[in-house]
Amino acid sequence: MKLSTHADHSEEQVGIRAEDIHKWIDGFFDAESFDHFVKTGSKRGFNPYNHRKYRHCAEALEDAYHEFEGKYTREQIKAVFECHLRDDYDGFIPLQEDFESGMFTEKYHESDEPEELEKILSEAELSEYFKGQAYYGQNKHNNRTKLSAGFYWRVVWPTVIAAVLFASSAFTIIVPVFRDSMMKQKQGMIKELVSTATSAIEFYLHQEQSGELTRAEAQRLAAAEVSELRYGIDNKDYFWITDMTPVMVMHPYRPELVGKDLSDYSDSENKSGIKLFAESVELVKAGNEGYLEYLWQWMDDPGRAEPKLSFVQGVPEWDWVVGTGVYIHDVKEEIDRLSRNLLIADGVIAMAMLGLMASVLLQSRRIEIDRARAETGLREAKDRYRALVEGSNEGYVLVIDGDTVFSNHTMRRMTGFGEEELAGMKIWHLLEPDNEVNRFADEHLKQLYDHTAAAAEFEARLRTKGDEPLDVLVSTSRIFFSEKNGHVISFTEISRGRRDTLKAFSAPSAAQGFPIPEIQQDIAAAKTAGQVVRALKQLPDLVRALTDSGVKPAILRETIGAAYDAAIERFIFQSLEESGRPATPFAFVSLGSNARHEMTMFSDQDNALIFADVPKERLTEIRREFLVLADEVCGKLRQAGYPYCPGGIMAANPKWCLSVSEWKKKFNQWILKATSETILEVNVFFDIRNAFGSDEQVDELRAHVRACTEANPEFFIFYAKNCLGYKAPLGLLGRIRTERKGTEKTINLKECLKPLETFGRIYALKHGLPTPGTLNRISELQHTGILKDETYRELVYVFDYLWQLRFFNQISANAALSSNSDDLDVSTLTDLERDNLQSVLARIPVFQSRLGYDFLGSMQV
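Residues numbered from 1 in each chain as written. Predicted model: local features only at pLDDT ≥ 70, side-chain atom pairs only at ≥ 80, totals over all residues. Heavy atoms only, no water.

1. Remarks on the pairing of strand β16 (residues 744–748)
Line of reasoning, step 1. Looking at chain direction, strand β15 (residues 739–741) and β16 are connected through three bridges and run antiparallel. The partner of Lys 741 across the bridge, within β16, is Glu 744.
Line of reasoning, step 2. Counted along the chain from β15 to the antiparallel partner β16, the turn is two residues long, and its residue Gly 742 has a positive phi close to 70 degrees. (Pairing = 2+ DSSP bridges. Helix = DSSP H or I, 4+ residues; strand = E, 2+ residues; numbered from the N terminus.)

Pasting the structure below:
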């Protein structure tokens, strides 16, 4: 849709055009490549709709607020933004994840991807699939099948009836409509003409009213002027005037009628019998104007009469009726000509339809046979998919527009409910009531039915029909049909055993210098993205083997982090091999735990892209090139098991794909104008590791950050307060403070680590340490004398303990290493383990007191 059309719609619906907002939403549209795509039908690596995922999604609304803040209100920005998206997606507002769905692409982008289809099925296989190979092989005798009676009723007779209806409609609809159109044109014309004549009379009426003329003199002059008015062919069409008696006041062609009473005057000699002047008076009395059809002599030929249409209008001040008429015989002539042409066209169409009918009959046998094959193929496809779903070990529910339309056998077996019972209830009714574990599940499932929830994966506890508890892992994903949208919800039963969360602490430590895993070597040698993914699939087994060997946490972290770095490097290298290395230097950087190498097996991806400064007029073009690259890399990382960042902190987001100058402006805003809100946003960006590309851009940005913090020491006050905002889960008496989730008493281990991460980060910023890892930062602080040896050892012990506890808690809770859980059920620990954990947590306020003293000038806890 054109920008102007979007603006018209928003102006109509919202009250403002806001073309700048519409332009911003479509800002990454590659017009040049799209023109090439339209002309040639293809362009290697080009998807004409790829730009939409960046700003055609609900997540981009916050960016729109930031972009147009101060120019429009938030309500106006939201209204225009949603109006644009609803125009493009038939009233639907997509999420960014929807653009990864092939069903979404097919529905809303009208995408035709024969190359991708060819990878799944060959042309021959595809043909056999839809025609039904088994059916074809067993029913070759159907080639001799005669045409069924149903075929005649479906094809032949409807065609004949349609032809008859078309022919008759020409005379029952087209001809009357054509006549009405011509008559309306005539009526409009003579009404305007009479208005001109009455305007001339009004001049003399004003002369009388002003006293400049007597009524008799004014009427005489007015009648004389109107009698001179002419129009039409040879200027022979005229106006007449009568009074309300009616007595003829003026008639230019029939002077003998002037002064006569015309109450009984009719065109009886022309066989119409209409008392036209008396009828004219009645029309004026009823509505001061009106139309009249009658017969009248042709021009000035008294021997010829033709149909005529007149319009009359009253002059109430003088009791006059002014009228004029036009001959309408030309309408009848046009209708006769149209009827002849329609008859000829009907004849030609009838001949053509006979030819088409013959062709249809000749091809009918093939059509009938192919239809039967297609029907059988579709039945077979339905049976295959149903067998696949029914045979799954996971429970599946299909929800379309808020209704449960399908549940598989496993789901019915797990819950004890029948198919009709599940169809008659909302899925959240299966959740165990008053269970804290189900709080998120209940909210998410209700939003899902309202089409306001994104895809998600979470744990829940169900209540079966037999009132038994059932722990499940729930996964939801959005699907898109041609007419309706919906969700697929899967349920995987969780078998919970006793958690041996601390087994690695008692195992002997592995020897130093653990060899580089073969995974990294396999990734480095991978030729395709699929080979990289296959290599990463070995990582859970490797990690489990390492944990069984009792290796130190540092080796686990380095193994996971190095595999992630290797995957990024290889994915980018492969993408650049296909598209070519850009001329503009750039760096693809990891952020947060990715950069610190403190990932677990369940960490999502946090990354960004920095490219060298370019002229302003080329900025959008260059950014678009890097967004394509970043989107490919982030998508491949997702396929490899690293989920998208829920907060959208990824290089594929235009907000975090910036030039060096743009990044500097970001950090200026975060540091020089620091607030408690901006500190929350900037945290992850202080942990940077160059995963691929030029070190120059990263080093320049680091130097800028250091210069900004040195020039603005007040920033550390805001940041220190933020760091102290992360509290250890301890009560007033120093005992562990838990949160009840169902029957479990839990603490969040990820939150326990944050005070230590922020401790290392703020000191690294203060002293200009470029190392991103928490323990590496702490180590450098100890080497430079900023931290005492005792404090250093305590920090390392506490960090390793909590990280390893979190890591093994995830492993024991998720044996397949496929889903995340940061909540530790404290009740599963032994008394010794609980006391040890309490002692470790008790050191966190001590570290924070040191931080508060150094940055706020007083002891802070």
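2. Section: unusual backbone geometry
Line of reasoning, step 1. Cis rather than trans, the peptide bond between Thr 245 and Pro 246 has omega equal to 10 degrees.
Line of reasoning, step 2. Take Pro 246: it is sitting in the loop between β1 (239–243) and β2 (248–250).
Line of reasoning, step 3. Positioned with a positive phi, Asp 90 is a non-glycine residue whose angle comes to about 55 degrees.
Line of reasoning, step 4. At Asp 434, a position not held by glycine, the phi torsion is positive, near 55 degrees.
Line of reasoning, step 5. Structurally, Asp 434 is set in the loop between α16 (419–423) and α17 (439–449).
Line of reasoning, step 6. Assessed through its relative accessible area of 84%, Asp 434 is described here as exposed. (Buried < 20%, exposed > 50% of the residue type's maximum accessible area, 1.4 Å probe, protein only.)

3. Let's talk about the nonpolar core
Line of reasoning, step 1. Of all hydrophobic cores here, the largest spans 120 residues; its most connected members are Phe 588, Trp 663, Phe 667, Leu 802 and Leu 837.
Line of reasoning, step 2. Beyond its immediate sequence surroundings of up to four residues, Leu 837 is in contact with Ile 736, Ile 747, Tyr 801, Leu 802, Leu 805, Leu 824 and Leu 829. (Core = buried A, V, L, I, M, F, W, Y, C linked by side-chain atoms within 4.5 Å. Contact = heavy atoms within 4.5 Å.)

4. Some words on the packing of helix α5 (residues 61–68) against helix α6 (residues 74–88)
Line of reasoning, step 1. Direction vectors running N to C along α5 and α6 enclose 130 degrees, while the axes themselves pass 10 Å from each other. Taken together, the axes of α5 and α6 are oblique relative to one another. For the crossing formed where α5 meets α6, the hand is right-handed. Contact residues: Leu 61, Glu 62, Ala 64, Tyr 65 and Phe 68 in α5; Arg 74, Ile 77, Lys 78 and Phe 81 in α6.
Line of reasoning, step 2. Grouping the amino acids of the contact of α5 with α6 by side-chain chemistry returns six nonpolar, no polar and three charged. (Axes fitted to C-alpha atoms, helices over the stretch in contact; angles between N-to-C directions. Parallel < 35°, antiparallel > 145°, perpendicular 65-115°, else oblique. Left-handed = near helix turned anticlockwise from the far one by under 90°. Nonpolar A, V, L, I, M, F, W, Y, C, P; charged D, E, K, R; others polar.)

5. Some details on α6
Line of reasoning, step 1. The end-to-end C-alpha distance of α6, which contains 15 residues, comes to 21 Å, matching closely the 21 Å that a straight helix rising 1.5 Å per residue would cover.
Line of reasoning, step 2. All of the buried residues in α6 are Ile 77, Val 80, Phe 81, Cys 83, His 84, Leu 85, Asp 87 and Asp 88.
Line of reasoning, step 3. Its buried side turned inward, α6 meets α1 (3–13), α2 (19–25), α4 (52–55) and α5.
Line of reasoning, step 4. Phi for Asp 90, located one or two positions after α6, is positive at around 55 degrees. (Expected span 1.5 Å × (residues − 1).)

6. Section: the packing of aromatic side chains
Line of reasoning, step 1. Under the counting rule described, the total for this entry stands at 34 aromatic pairs.
Line of reasoning, step 2. On the basis of an interplanar angle of 45 degrees and a centroid distance of 5.1 Å, the ring pair of Phe 586 and Phe 626 is categorised as tilted. In this pair, Phe 586 is assigned in strand β11 (residues 586–591) and Phe 626 in helix α24 (residues 619–639), connecting sequence segments 40 residues apart.
Line of reasoning, step 3. What makes Phe 626 buried here is its relative accessible area of 1%.
Line of reasoning, step 4. Here Phe 611 and Phe 626 contribute two aromatic rings whose centre-to-centre distance is 5.3 Å and whose plane-to-plane angle is 20 degrees, an arrangement assigned as stacked. Residue Phe 611 is found in strand β12 (residues 607–611), and its partner Phe 626 is found in helix α24; the two are separated by 15 residues along the sequence. Accessibility classification places Phe 611 together with Phe 626 in one group, the buried group.
Line of reasoning, step 5. Above the face of the Tyr 253 ring, Arg 230 is positioned so that its terminal group lies 5.4 Å from the ring centre. (Phe/Tyr/Trp six-rings, centres within 6.5 Å; stacked < 30°, edge-to-face > 60°. Lys NZ or Arg CZ within 6 Å of the ring centre and 35° of its normal.)

7. A short note on the environment of Asn 438
Line of reasoning, step 1. Residue placement: Asn 438 occurs in the loop between α16 and α17.
Line of reasoning, step 2. As a C-alpha pair, Asn 438 and Arg 461 span 23 residues in sequence and 6.5 Å in three-dimensional space.
Line of reasoning, step 3. Those residues in contact with Asn 438, other than ones at most four positions away along the chain, are Leu 431, Glu 432, Ala 460 and Arg 461.
Line of reasoning, step 4. Here the side chain of Asn 438 touches Glu 432 through a polar contact of 2.9 Å, landing on its backbone oxygen. (Polar contact = N/O pair within 3.5 Å; in protein donor to acceptor, adjacent residues only side chain to side chain.)

8. Considerations on the sheet that holds β15
Line of reasoning, step 1. Read from one edge to the other, the open sheet built from three strands follows the order β15-β16-β17, with strand pairing classed as antiparallel. The sheet terminates laterally at β15 and β17 (823–825), the two strands that pair on one side only. For this sheet the average axis-to-axis angle between neighbouring strands, irrespective of direction, equals 45 degrees.

9. Regarding the sheet that holds strand β10 (residues 485–493)
Line of reasoning, step 1. If you walk across this open sheet you meet the five strands as β7-β6-β10-β9-β8, and the pairing is antiparallel. Here the strands that pair on one side only, and so sit at the sheet edges, are β7 (403–407) and β8 (456–463). Here the strands of the sheet are splayed against their neighbours by 30 degrees on average, with no regard to which way each runs.
Line of reasoning, step 2. Pairing between strand β6 (residues 395–400) and β7: four bridges, direction antiparallel. Paired with Ile 400 across the strands is Asp 403, a residue of β7.

10. Focus on the pattern of salt bridges
Line of reasoning, step 1. If you walk through the whole model with that rule in mind, you get 33 salt bridges.
Line of reasoning, step 2. Across the salt bridge formed by Glu 82 and Arg 86, the nearest N and O atoms sit 4.0 Å from each other. Taken as a pair, Glu 82 and Arg 86 lie in helix α6 at a separation of four residues, close to a single helical turn.
Line of reasoning, step 3. By relative accessible area, Glu 82 is classed as partly exposed at 22%.
Line of reasoning, step 4. On the basis of relative accessible area, Arg 86 is assigned to the partly exposed category, the value being 39%. (Salt bridge = Lys/Arg side-chain N within 4 Å of Asp/Glu carboxyl O.)

11. A word on the side chain of Thr 476
Line of reasoning, step 1. When you line up the elements, Thr 476 lands in strand β9 (residues 469–480).
Line of reasoning, step 2. Side chain to side chain, Thr 476 and His 444 meet in a polar contact 3.2 Å long.
Line of reasoning, step 3. Non-local contacts of Thr 476, meaning those with residues more than four positions away in its chain, are made with His 444, Leu 448, Ala 454, Ala 455, Ala 456, Phe 458, Val 488 and Ile 489.

12. A look at the confidence of the model for the protein chain
Line of reasoning, step 1. Put simply, the protein chain has an average pLDDT of 80, and 83% of its residues get 70 or more.
Line of reasoning, step 2. Scored below 50 in pLDDT, residues 110–145 shows 35 contacts in the model against residues more than four places distant or in partner chains.
Line of reasoning, step 3. The low-confidence segment residues 496–515 (pLDDT under 50) makes 40 contacts with residues lying over four places distant or belonging to another chain. (pLDDT = per-residue confidence, 0-100.)

13. Focus: the packing of helix α28 (residues 714–724) against helix α32 (residues 831–856)
Line of reasoning, step 1. Remark: α28 packs on α32, axes separated minimally by 10 Å, with the N-to-C direction vectors making an angle of 165 degrees. When the axes of α28 and α32 are compared, the pair comes out roughly antiparallel. Classified by chirality, the crossing of α32 by α28 is left-handed. Along the contact surface, α28 presents Phe 716, Ile 717, Ala 720, Lys 721, Cys 723 and Leu 724, while α32 presents Gln 848, Leu 851, Gly 852, Phe 855 and Leu 856.
Line of reasoning, step 2. Here the residues of the contact of α28 with α32 are counted per class, giving eight nonpolar, two polar and one charged.

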